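Residue-level listing of the chains:
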Amino acid sequence: MTRSHHYPSDLSDAQWAILEPLLPARQPKGRPPRVERREVVNAILYVLRTGCQWRYLPVEFPNWNTVYWYFARWQEDGTWERVNDALRRRVREAQGRDPEPSAAIMDSQSAKTTEKGGTAATTPARR
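If you're wondering where the values come from, they're calculated on a predicted model, not measured in any experiment.

Turning our eyes to something else, we now look at the environment of Ser9. Positionally, Ser9 belongs in the segment before helix H1 (13-19). Note: C-alpha distance between Ser9 and Ala43 (34 residues apart in sequence) is 8.5 Å. Excluding its chain neighbours within four sequence positions, the residues that come into contact with Ser9 are Asn42, Leu45, Tyr46 and Arg49.

Counting 19 residues, the largest nonpolar core has Val41, Ile44, Leu57 and Trp74 as its most contacted members. At the level of secondary structure, the elements contributing two or more residues to this core comprise H1, helix H2 (37-50) and helix H3 (64-76). The dominant element in this core, judged by the number of residues it contributes, is H2, at six residues. Those residues in contact with Val41 that lie beyond four places of it in its chain are Leu11, Trp16, Leu19, Leu23 and Trp74.

What follows is about the pattern of salt bridges. Counting across every chain of the model gives four salt bridges. Put simply, Asp85 and Arg88 hold a salt bridge, and the shortest N to O gap is 3.1 Å. Here Asp85 pairs with Arg88, and both are found in helix H4 (residues 79-94), just three residues apart, close to one helical turn. Each of Asp85, Arg88, Arg89 and Glu100 takes part in a single network of salt bridges with overlapping partners.

About the thresholds
Residues numbered from 1 in each chain as written. Predicted model: local features only at pLDDT ≥ 70, side-chain atom pairs only at ≥ 80, totals over all residues. Heavy atoms only, no water. Helix = DSSP H or I, 4+ residues; strand = E, 2+ residues; numbered from the N terminus. Contact = heavy atoms within 4.5 Å. Core = buried A, V, L, I, M, F, W, Y, C linked by side-chain atoms within 4.5 Å. Buried < 20%, exposed > 50% of the residue type's maximum accessible area, 1.4 Å probe, protein only. Salt bridge = Lys/Arg side-chain N within 4 Å of Asp/Glu carboxyl O.

What follows is the structure, encoded as structure tokens:
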């Protein structure tokens, strides 16, 4: 299925060639798929890029229920984490670096201590 309108979040052919093998293989049993996985991924990227709600996907994309089902399934089975790891390794190797990072940086804004930022005993009581 070809869409009449392309969005900036759509994958190019080269990007799809990299991403497609990283997605889980289709199940050999069951009914044949009604939607193209590339269109599902394009719809997921559209939601992530625009921040729109799933129900507000443009009609050119597959039904939002189908798109969300794939997104949730791939989130649950770790597909997105594997994709992120593989793409990170690829970028690091292209930059001539070790594929696996050797250090991490954490700042005080990233590591929360408590919800209030301190203990409740330091806050004076109101009268």
